[in-house]
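# Structure assessment
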Amino acid sequence: MLEQQGVSRSWMTAPLEPPLGRGINFQISVRNLNPILTALRDANYAIFMETETKWYRIDEHTEAGVQQFLVTDPDGYLIRFQASIDHRTIAH
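Residue positions within a chain follow its written sequence, with the count starting from 1. With pLDDT at 70 or above as the cut-off, local features in this predicted model cover only qualifying residues; side-chain atom pairs require 80 or more to be listed or tallied, and sums for whole chains, interfaces and linings still use all residues. Excluding hydrogens and water, the side-chain values take into account all heavy atoms of the structure.

## Examining the pairing of strand 3 (residues 62–72)
Exposure is judged per residue with a 1.4 Å probe applied to protein chains only, and the accessible area is read against the type maximum: over 50% gives exposed, under 20% gives buried, and values in between give partly exposed. For helices the rule is a DSSP run of H or I covering at least 4 residues; for strands it is a run of E covering at least 2, with both sets numbered from the N terminus onward. Judged by how many residues are buried, strand 3 sits mostly within the fold: 8 of 11 residues are covered. Here, a strand pair is defined by DSSP locating no fewer than two bridges between the strands. As paired elements, strand 2 (residues 49–57) and strand 3 share 7 bridges and run antiparallel to each other. Note on strand 3: the bridge partner recorded for arginine 57 is glutamate 63. If you look at the hairpin formed by strand 2 and strand 3, you'll find 4 residues sitting between the two strands. Alignment of strand 3 against strand 4 (residues 78–89), held across 11 bridges, turns out to be antiparallel. Opposite glutamate 63, over in strand 4, you have arginine 88 as the bridge partner. From the end of strand 3 to the start of strand 4, which pair antiparallel, there are 5 residues, and glycine 76 there has a positive phi angle of about 95°.

Right under this line is the structure:
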């Protein structure tokens, strides 16, 4: 759960000082990155890391592929949008 400053009860354990999102990376899985990228670019919103294709090992024989990019929200939280593309067998 993310809590908005100054709303309702406060669960803050220390004073909040910008940038607030240091050390946090939230991943949001989506079907298609293009509509999000288009909306961000139309709004002239800065992209922290441009789209890349990355393969992550699932087990000894399989990798899962994703396309992903990152932005920071206005409070400095890093948001990674990710879309699955495929699985592949690892050659030994």
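## A look at the pairing of strand 4
Two strands pair when backbone bridges link them, and strand 1 (residues 25–29) and strand 4 are joined in this way by 5 bridges, in the parallel orientation. Counterpart to glutamine 27 in the pairing with strand 4 is arginine 80.

## Topic: the environment of tyrosine 45
Relative to the assigned elements, tyrosine 45 resides in the loop between helix 1 (34–42) and strand 2. Taking relative accessible area as the criterion, tyrosine 45 reaches 30% and is therefore assigned partly exposed. Taking C-alpha positions, tyrosine 45 is 9.4 Å from threonine 72, a pair spaced 27 residues apart along the chain. Every residue pair with non-hydrogen atoms within 4.5 Å of one another is taken to be in contact. Sequence-distant contacts of tyrosine 45, that is, excluding residues within four places in its chain, are made with Leu40, Val71, Thr72, Asp73 and Pro74.

## Structural notes on the sheet that holds strand 2
An order of 1-4-3-2 is seen for the 4 strands of this open sheet, with the pairing classed as mixed. At either end of the open sheet lies a strand with only one pairing partner, and these are strand 1 and strand 2. Shown here is a sheet whose adjacent strand axes are inclined to one another by a mean of 30°, direction ignored. The axes used here are C-alpha line fits, helices contributing only the stretch in contact, and every angle between their N-to-C directions lies in the interval 0 to 180 degrees.

## A word on unusual backbone geometry
Located in the positive-phi region is asparagine 44, a residue other than glycine, with phi close to 55°. Examined against the element boundaries, asparagine 44 turns out to sit in the loop between helix 1 and strand 2. The class for asparagine 44 is exposed, based on a relative accessible area of 72%.

## Remarks on the packing of aromatic side chains
Pairing of aromatic rings covers Phe, Tyr and Trp, the last counted by its six-membered ring, and requires centre-to-centre distances within 6.5 Å; plane angles under 30 degrees mean stacked, over 60 mean edge-to-face, and any other angle means tilted. Counted by the stated rule, this structure contains 2 aromatic pairs. Between phenylalanine 26 and tyrosine 77, the ring centres sit 6.0 Å apart and the planes meet at 50°, which makes this aromatic pair tilted. Taken together, the residues phenylalanine 26 in strand 1 and tyrosine 77 in the loop between strand 3 and strand 4 connect sequence positions 51 residues apart. With centroids separated by 5.4 Å and ring planes inclined at 25°, the aromatic side chains of phenylalanine 69 and phenylalanine 81 adopt a geometry described as stacked. Residue phenylalanine 69 is found in strand 3, and its partner phenylalanine 81 is found in strand 4; the two are separated by 12 residues along the sequence. The same class applies to phenylalanine 69 and to phenylalanine 81, which are both buried. Sitting over the face of the ring of tryptophan 55, arginine 88 holds its NZ or CZ atom 4.0 Å from the ring centroid. By definition here, charges over rings are those cases where NZ of Lys or CZ of Arg is within 6 Å of the ring centre and within 35 degrees of the ring normal.

Keep in mind that these numbers describe shape and distance, not what the molecule does.
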